[in-house]
Amino acid sequence: MKNLLYKELALVVHPMFYLVPLTGALLLIPQWPYFVAMMYFFFITVPNVFQTARTANDIGFTVMLPVRKRDVVKARLYNVVFLEQVQIAVAAPFAARNNALYPEGNFLLDAGIAFFGLTFAMYGLFNLVFLPMFYKTAYKLGVPIIAAICACVLFAGAAETIALIVPGAAAVLDGIGPQALARQLPVLAAGIALFVLLSWLAYRVSARRFERVDL
Amino acid sequence: MQLLSVQNLCKNYDKFRLKDVSFSLDAGYIMGFIGPNGAGKTTTLKAMMGLVKKDGGRVFVMGRDFDEHEMDLKQHIGFSLGGVDYYAKIPLRRITSVVRRFYASWDDEAYRRYIRRFELDEDKRPTELSGGMRVKYALALALSHNARLLLLAEPTSGLDPVARDDLLELFQELIEDGERSILFSTHITSDLEKCADYITYIENGRIVESRARDELLAAYRVVKGTPEQYSAVSPRLISAKKHAFGFTGLMRTEDVRPEDGLAAEAPALEDIMIYHARKENGNEEPAV
């Protein structure tokens, strides 16, 4: 795993994309849909990373190494999961600052603990839609990325709507402060569990599809 | 010791099929894999390495089933699809820093030696290297993890005669200790006349011949005759080209009869390839 991730970070990810997580600073905007801040990851980083890898013939390089064909997919999954976690990790301090600056909260979902749980789930969904669609050809990028972004926007929209209109939902999804922590921690745990499960599923399906692609 | 054995490899595409491709290679030899463009050379190499999903057949490396021991066997294989065609804009130094991590038996000293010998500048990027230098960098990577089996697709195409000769000499040197073997595909038959011990000839997805080079050359004769002689011998010809003064064709040595009165001479590999290809195309008449 270490070597595959090292390969991705040393060759595939241009250092500039480590700046993208700074879009987490958007959490400092008052009264805003905070999911958008987390979406810059797949608006900017994902298409560029996959495009770079395709242009550089990363697959040709990787299959020359002593790895299995499906490790091409595994390496990229590690890469995406790693960058998703960086995005969340960088956003977290901005969320804390947001909570301190705006104790009255946000008219949409607050940048609280549950929000990060939902973000994990959204990234899991992104991985599940995008990776298997992409690795059907390991070449065509456009439709898979659009489909995955649409799925995530719908997911975020649904989460915001449910918090607004379903009675009781706001109690577990919305709110900041110590009393919200206890209610929202299960949402974070469930989000992380979902992220792991969906990413694992994304890898399984992608790897199986990629094995069938004739390079 | 048998380093490589390919058995009944099959792959079906819509308009092309690899049919029961089988051949084997012992340690300490060079095998040339020849055939016209599109005959299936690279597809065979890719199917052997699992890049293309095979529809049938098995591959054994160092006596072990490749599919079962893929990870382990790849540690002993140097594989290149025609030089370095990846990461064109990244310095060699960084590419190497990634590659070396994947090999348990990476030998940094050997790597330095080959880099010096090939006069490679590690600060350069693949895009700044000539075709020959790219092949050499790919070889340096393969040799630095002590690969026993080198599988190279078209390593010599695109190289000038000097660079080609240099590379072929290096191939000879590499197999001298009897530990390594090289299988390389090419459509430049003169390369093989210089250095191959064995020739495997593929035509339209089928192996036509796979044997020692001299044996292969001895098995055929280029024959020349007059138009009157043609009809008597034509069933025995692999194929022939007709011209104003008669014909020139290829025949198996055992089919050459003194009573035919044909002029027979030893073929070059190119002749064997060309006449077999004509037979495959069913094109025995002159193209003009």
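Each value, and the rule that gives it
- Residues numbered from 1 in each chain as written.
- Chains lettered and ligands numbered in written order.
- Predicted model: local features only at pLDDT ≥ 70, side-chain atom pairs only at ≥ 80, totals over all residues.
- Heavy atoms only, no water.
- Pairing = 2+ DSSP bridges.
- Helix = DSSP H or I, 4+ residues; strand = E, 2+ residues; numbered from the N terminus.
- Contact = heavy atoms within 4.5 Å.
- Buried area = accessible area lost by both parts, 1.4 Å probe.
- Salt bridge = Lys/Arg side-chain N within 4 Å of Asp/Glu carboxyl O.
- Polar contact = N/O pair within 3.5 Å; in protein donor to acceptor, adjacent residues only side chain to side chain.
- Nonpolar A, V, L, I, M, F, W, Y, C, P; charged D, E, K, R; others polar.
- Buried < 20%, exposed > 50% of the residue type's maximum accessible area, 1.4 Å probe, protein only.
- 1 Å grid on protein atoms, 1.4 Å probe; cavity = no way out; pocket = protein on both sides within 12 Å on 5 of 7 lines; lining within 4 Å.
- Points joined across faces, edges and corners; volume = space filled by probe spheres on them.

A.B. asks: Looking at this structure, how should I read the pairing of strand 11 (residues 220-225) of chain B?
C.D. replies: A regular strand places its side chains on the two faces of the sheet in alternate fashion. Residues and elements named next belong to chain B. Sheet topology note: the strand 11/strand 13 (residues 246-252) ladder contains six bridges and is antiparallel. Bridging across to strand 13, R221 finds its partner in M251. In this structure, strand 11 lies alongside strand 14 (residues 263-265), joined through three bridges in antiparallel fashion. Within strand 14, the residue paired with V222 across the bridge is E265.

A.B. asks: Which parts of the structure should I look at to understand the interface of chain B and chain A?
C.D. replies: Note on interface size: it is often stated as the accessible area lost on association of the parts. Taken together, the contact between chain B and chain A spans 24 residues of the former and 25 residues of the latter. Taken together, both faces of the contact between chain B and chain A bury some 2,400 Å²; the carbon and sulfur share is 63%. Broken down residue by residue, the surface that chain B buries against chain A is led by B:Y87, B:R101 and B:F102, which jointly contribute 30%. At the boundary of chain B with chain A, the tally comes to one salt bridge. Taken together, chain B and chain A are joined by 11 residue pairs in polar contact (both at pLDDT 80 or more). Put simply, the parts of the chain that give the side of chain B that touches chain A at least two residues each are helix 2 (70-74) and helix 3 (92-99) of chain B. The element that contributes the greatest number of residues to the side of chain B that touches chain A is helix 3 of chain B, accounting for five residues. Here the side of chain B that touches chain A is built from residues that sort into 13 nonpolar, three polar and eight charged.

A.B. asks: So what exactly am I meant to see when it comes to the environment of B:Y198 here?
C.D. replies: Residues and elements named next belong to chain B. Relative to the assigned elements, Y198 resides in strand 9 (residues 198-203). Look at Y198 and you get partly exposed, because its relative accessible area is 25%. When the C-alpha atoms of Y198 and I238 are compared, they prove to be 22 Å apart, with 40 residues separating the residues in sequence. Setting aside residues no more than four positions away along its own chain, Y198 makes contact with Y29, I30, M31, G32, R211, A212 and R213.

A.B. asks: What's the story with empty space enclosed by the protein in this structure? I'm lost.
C.D. replies: The tally for this structure, following the rule as stated, stands at one cavity of 30 Å³ or more. For the largest cavity, the calculated volume is near 70 Å³. If you go around the largest cavity, the residues you meet are A:M64, B:G78, B:F79, B:S80, B:V99, B:Y103, B:A138, B:L139, B:L141, B:A142, B:H145 and B:L152. Those elements that place two or more of their residues in the lining of the largest cavity are strand 6 (77-80) and helix 5 (131-143) of chain B. The greatest single-element share of the lining of the largest cavity, amounting to four residues, is contributed by helix 5 of chain B. Tallied by class, residues from the lining of the largest cavity come to nine nonpolar, three polar and no charged.

Interpretation note: all reported values are geometric properties and have no functional meaning in isolation.
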